[in-house]
Amino acid sequence: KEDGGFEVEYLRDPVIEPGQIVVPGSFNPIHEGHEGLATRVAEIRKEMGESHTPGILFELCITNADKGTQPTQEIHRRASEVVRRGHRLLITKATL
């Protein structure tokens, strides 16, 4: 958006397309390692002959097995950093 903000879409049951690359992390902060991993997976898939990859989706889980649930303000801060870097983000409560 022109004002520097970003669009948020709330999905009760998000659909992850077959073949979509999902990169989970705490993103505290997001860094080149996260982005490099996602990019390399996409490159390997192309090298293996996959003609279409539906894209990369970063996943931020609000609940950590070791640290419990993150405060809303902290989740917003981390999510903002991911989205400002131009990535799509899925925020979940998924646990291992």
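Let us look at the structure shown here. No experiment lies behind these values; they were computed from the predicted model shown.

## Remarks on the side chain of Glu 59
Right, so step 1: Here Glu 59 is to be found in strand 2 (residues 56–61).
Right, so step 2: Despite its burial, Glu 59 pairs with no opposite charge, the nearest such side chain being Arg 78 at 12 Å.

## Thoughts on unusual backbone geometry
Right, so step 1: In this chain, Asn 28 is followed by Pro 29 through a cis amide linkage whose omega measures 0 degrees.
Right, so step 2: Unlike most non-glycine residues, Phe 27 shows phi in positive territory, near 50 degrees.
Right, so step 3: By the element assignment, Phe 27 lies in the loop between strand 1 (21–25) and helix 1 (32–47).

## Comments concerning helix 1
Right, so step 1: When the terminal C-alpha atoms of helix 1 are compared, their 22 Å separation across 16 residues agrees well with the 22 Å that a helix rising 1.5 Å per residue should span.
Right, so step 2: When we look at burial in helix 1, the residues that qualify are His 34, Glu 35, Ala 38 and Arg 45. All buried residues of helix 1 lie within an arc of 100 degrees about the axis, which places them on one face of the element. For helix 1, exposure combined with an orientation more than 90 degrees from the buried face picks out Glu 32 and Glu 47.

## As for the side chain of Gln 70
Right, so step 1: In this structure, Gln 70 sits in the loop between strand 4 (68–69) and helix 2 (72–84).
Right, so step 2: Setting aside residues no more than four positions away along its own chain, Gln 70 makes contact with Ile 62, Ile 75 and Arg 78.

## Digging into the pattern of salt bridges
If charged atoms from side chains of opposite charge come close, those side chains can pair.
Right, so step 1: What the rule picks out here adds up to eight salt bridges.
Right, so step 2: For the salt bridge of Arg 85 with Glu 32, the shortest nitrogen-to-oxygen distance reads 3.7 Å. With Arg 85 in the loop between helix 2 and strand 5 (88–92) and Glu 32 in helix 1, this residue pair connects regions lying 53 residues apart in the sequence.
Right, so step 3: According to the relative accessible area criterion, Arg 85 is partly exposed, its value standing at 37%.
Right, so step 4: Here Glu 32 falls in the exposed class, since its relative accessible area comes to 59%.
Right, so step 5: Three or more residues are tied together by salt bridges with common partners; here these are Glu 74, Arg 77, Arg 78 and Glu 81.

What counts, and where the lines are drawn
Residues numbered from 1 in each chain as written. Predicted model: local features only at pLDDT ≥ 70, side-chain atom pairs only at ≥ 80, totals over all residues. Heavy atoms only, no water. Helix = DSSP H or I, 4+ residues; strand = E, 2+ residues; numbered from the N terminus. Buried < 20%, exposed > 50% of the residue type's maximum accessible area, 1.4 Å probe, protein only. Lys, Arg positive; Asp, Glu negative; His and termini not counted. Salt bridge = Lys/Arg side-chain N within 4 Å of Asp/Glu carboxyl O. Expected span 1.5 Å × (residues − 1). Arc of directions from axis to C-beta. Contact = heavy atoms within 4.5 Å.

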